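Descriptive structure summary
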Amino acid sequence: MVQSIGIWTQTLEHLTYTISRVCALGDAKNYVFTAKKDLIEYRGHKFYYEKIENFSNVKFLDQCDEVELDWLYIQLSFISSMSDLLKCAKQDKHVCIFSSSKKFTYLKTLFYKLKEIVKYAPVTLRAEKVFLPNGFYKLDIYGIWYKKYYLGFDVHSNFLDDIALFNKLFDSS
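First things first, this report covers the structure right here in the doc. Bear in mind that the values here come from a model prediction, so they are computed numbers and not experimental data. (Residues numbered from 1 in each chain as written. Predicted model: local features only at pLDDT ≥ 70, side-chain atom pairs only at ≥ 80, totals over all residues. Heavy atoms only, no water.)

With that out of the way, let us pick up a nonpolar patch on the surface. A contiguous nonpolar patch, built from Ile163, Phe166, Leu169 and Phe170 and spanning about 400 Å² of accessible area, is present on the exposed surface. Under the relative-accessibility criterion, Leu169 is labelled partly exposed at 36%. (Patch = residues over 30% accessible without salt bridge, like charges linked within 9 Å, V, L, I, M, F, W, Y side chains within 5 Å. Areas by Shrake-Rupley, 256 points an atom, 1.4 Å probe, with all protein chains shown as cover. Salt bridge = Lys/Arg side-chain N within 4 Å of Asp/Glu carboxyl O. Buried < 20%, exposed > 50% of the residue type's maximum accessible area, 1.4 Å probe, protein only.)

Attention now moves to the pairing of strand β1 (residues 4-8). Residues in a regular strand project their side chains so that they alternate between the two faces of the sheet. Burial within β1 is extensive, with five of its five residues counted as buried. By the alternation rule, side chains of β1 split into Ser4, Gly6 and Trp8 and Ile5 and Ile7, which are all buried. Taken together, β1, helix α1 (residues 14-25) and strand β2 (residues 29-33) constitute a β-α-β crossover, and its handedness is right-handed. Sheet analysis places β1 next to strand β4 (residues 71-75), joined by four bridges and oriented parallel. Bridge pairing in β4 links Gly6 to Leu72. (Helix = DSSP H or I, 4+ residues; strand = E, 2+ residues; numbered from the N terminus. Right-handed = clockwise from strand over helix to strand, strands pointing away. Pairing = 2+ DSSP bridges.)

Glancing now at helix α4 (residues 106-119). End to end, α4 covers 20 Å across 14 residues, agreeing with the expected 20 Å (1.5 Å per residue, within 8%). The complete set of buried residues in α4 reads Thr109, Leu110, Lys113, Glu116 and Ile117. Taken around the axis of α4, the buried residues stretch over an arc of 125 degrees, which confines them to a single face. More than 90 degrees from the buried face of α4, the exposed residues found are Leu107, Phe111 and Val118. (Expected span 1.5 Å × (residues − 1). Arc of directions from axis to C-beta.)

Here we come to the nonpolar core. Trp8, Phe33, Ile74, Leu76, Leu85, Ile97 and Tyr142 are the most contacted members of the largest nonpolar core, which has 22 residues in total. Discounting residues that sit within four places of it in the chain, Leu76 has contacts with Leu85, Ile97, Phe98, Ser99, Ser100, Glu116, Tyr120, Thr124 and Tyr142. Counting residues in hydrophobic clusters, the runner-up holds 11 residues, among them Ile5, Cys23, Ala28 and Trp71. (Core = buried A, V, L, I, M, F, W, Y, C linked by side-chain atoms within 4.5 Å. Contact = heavy atoms within 4.5 Å.)

Time to look at the layout of surface pockets. In this structure, the second largest pocket encloses a volume near 190 Å³. Contributing to the lining of the second largest pocket are Trp8, Thr9, Gln10, Phe33, Thr34, Ala35, Asp62, Gln63, Cys64, Asp84 and Lys87. Here the residues of the lining of the second largest pocket sort into four nonpolar, four polar and three charged. (1 Å grid on protein atoms, 1.4 Å probe; cavity = no way out; pocket = protein on both sides within 12 Å on 5 of 7 lines; lining within 4 Å. Points joined across faces, edges and corners; volume = space filled by probe spheres on them. Nonpolar A, V, L, I, M, F, W, Y, C, P; charged D, E, K, R; others polar.)

Mapped onto the elements, Asp62 comes out in the loop between β3 (58-61) and β4. By relative accessible area, Asp62 is classed as partly exposed at 40%. When residues no more than four places from it in sequence are discounted, the contact partners of Asp62 are Thr34 and Lys36.

Taking 1.5 Å per residue, 12 residues should reach 16 Å; α1 reaches 17 Å between its end C-alpha atoms and fits that length. Restricting attention to buried positions, one finds in α1 the residues Leu15, Thr16, Tyr17, Thr18, Ile19, Ser20, Cys23 and Ala24.

Pasting the structure below:
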């Protein structure tokens, strides 16, 4: 049975590209839920939109309720609309979240993670997994409830697209 995987994000960024690329390698039906290419002012949105468009098995949609997914990955940000997130998350079988990736001091990060959990409670409380781009802390708010994963650094898309750059990335000489 072919699985369906969706990524919901307010704006496309390098992380969205990397996740989409990995999903596109398999035989799943892949969807990216975001605003149309020209509706977001952030220049990276259009850049990554055009790169992701080249993947044969990834489809862009601006409404989540058009498709029922097996897995929904949500990239949280402090500009995310709660109503859009709720529409996406309530109908899908499994929900995972990517915590926002701003890097602050330890106490400020704890405060923002708590704020994130509370602000998006209907979605964050339903999540099965949490991906943390900045690593683990000794006391991590998400660690209390969720199975969490450290993402590590994200390779720039040019190193994934250009085989010569990819080879240089792993060249030990």
